[in-house]
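Fold and geometry: a report
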Amino acid sequence: MAWVLLLIAGLLEVGWSIGMKYSEGFTRLWPSVFTAAGIVASMVLLAQAAKSLPIGTAYGVWVGIGAAGAAVLGMLVLNEPATAARIFFVVLLLVAVVGLKVTSGH
């Protein structure tokens, strides 16, 4: 169950990181409200997952999902550059996340 919570926390991190862009520096009400709610929910789920997972693994996976997801959505939705180098490093992040999961012993 901890891994499911961690996956949801990571996906929420993707959501709130993209939400920060739409909040325009927290100057737009609803995008700011949804971003703040996403931050809180993501942190709560991370904390719950960290009760039974090693914190280094939980935090690393959470950050990895968030960073990779934000980069991919940035390229797909926000018209950020989708260069071969960026895609390579996103794939590398995902390999690291899978590596942490596989070697966690849980």
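About the thresholds
Residues numbered from 1 in each chain as written. Predicted model: local features only at pLDDT ≥ 70, side-chain atom pairs only at ≥ 80, totals over all residues. Heavy atoms only, no water. Helix = DSSP H or I, 4+ residues; strand = E, 2+ residues; numbered from the N terminus. UniProt positions renumbered as here; feature names shortened; annotations may be inferred. Phe/Tyr/Trp six-rings, centres within 6.5 Å; stacked < 30°, edge-to-face > 60°. Buried < 20%, exposed > 50% of the residue type's maximum accessible area, 1.4 Å probe, protein only. Lys NZ or Arg CZ within 6 Å of the ring centre and 35° of its normal. Salt bridge = Lys/Arg side-chain N within 4 Å of Asp/Glu carboxyl O.

As a further point, take the environment of Ala37. With respect to the element layout, Ala37 can be found in helix α2 (residues 29–49). Along the backbone, Ala37 and Trp16 are 21 residues apart, and their C-alpha atoms lie at a distance of 8.2 Å.

Turning our attention to the UniProt feature "transmembrane region" (unreviewed entry) in the protein. UniProt annotation of "transmembrane region" (unreviewed entry) refers to residues 29–47, 59–78 and 84–103 when read in the numbering used here. End-to-end, the C-alpha atoms of residues 59–78 are 26 Å apart, and along that stretch the chain is 90% helix and 0% strand. Secondary structure content for residues 84–103 is 95% helix and 0% strand, while the C-alpha to C-alpha distance between its ends is 28 Å.

Tallied over the full model, the rule gives 3 aromatic pairs. Seen in terms of ring centroids, Trp30 and Phe34 are 6.2 Å apart; in terms of plane orientation they differ by 40°. Their pairing is tilted. With Trp30 and Phe34 both in helix α2 and 4 residues apart, this pair spans about one turn of that helix. The exposed category is assigned to Phe34, whose relative accessible area is 60%. Plain terms: the ring middles of Phe88 and Phe89 are 5.0 Å apart, the flat faces sit at 75° to each other, and that makes the pair edge-to-face. We classify Phe88 as partly exposed; its relative accessible area is 49%. Among the residues examined, Phe89 registers a relative accessible area of 48% and is labelled partly exposed. Across from the ring centre of Trp3, 4.7 Å away, lies the NZ or CZ of Lys101, which sits over that ring.

This part is about the pattern of salt bridges. Opposite charge on two side chains permits pairing when their charged atoms draw close. This model, assessed by the stated rule, comprises 1 salt bridge. For Glu80, the salt bridge is made with Arg86, and the minimal N-O distance between the two is 3.6 Å. Residue Glu80 is classed as partly exposed on the basis of its relative accessible area, which comes to 32%.

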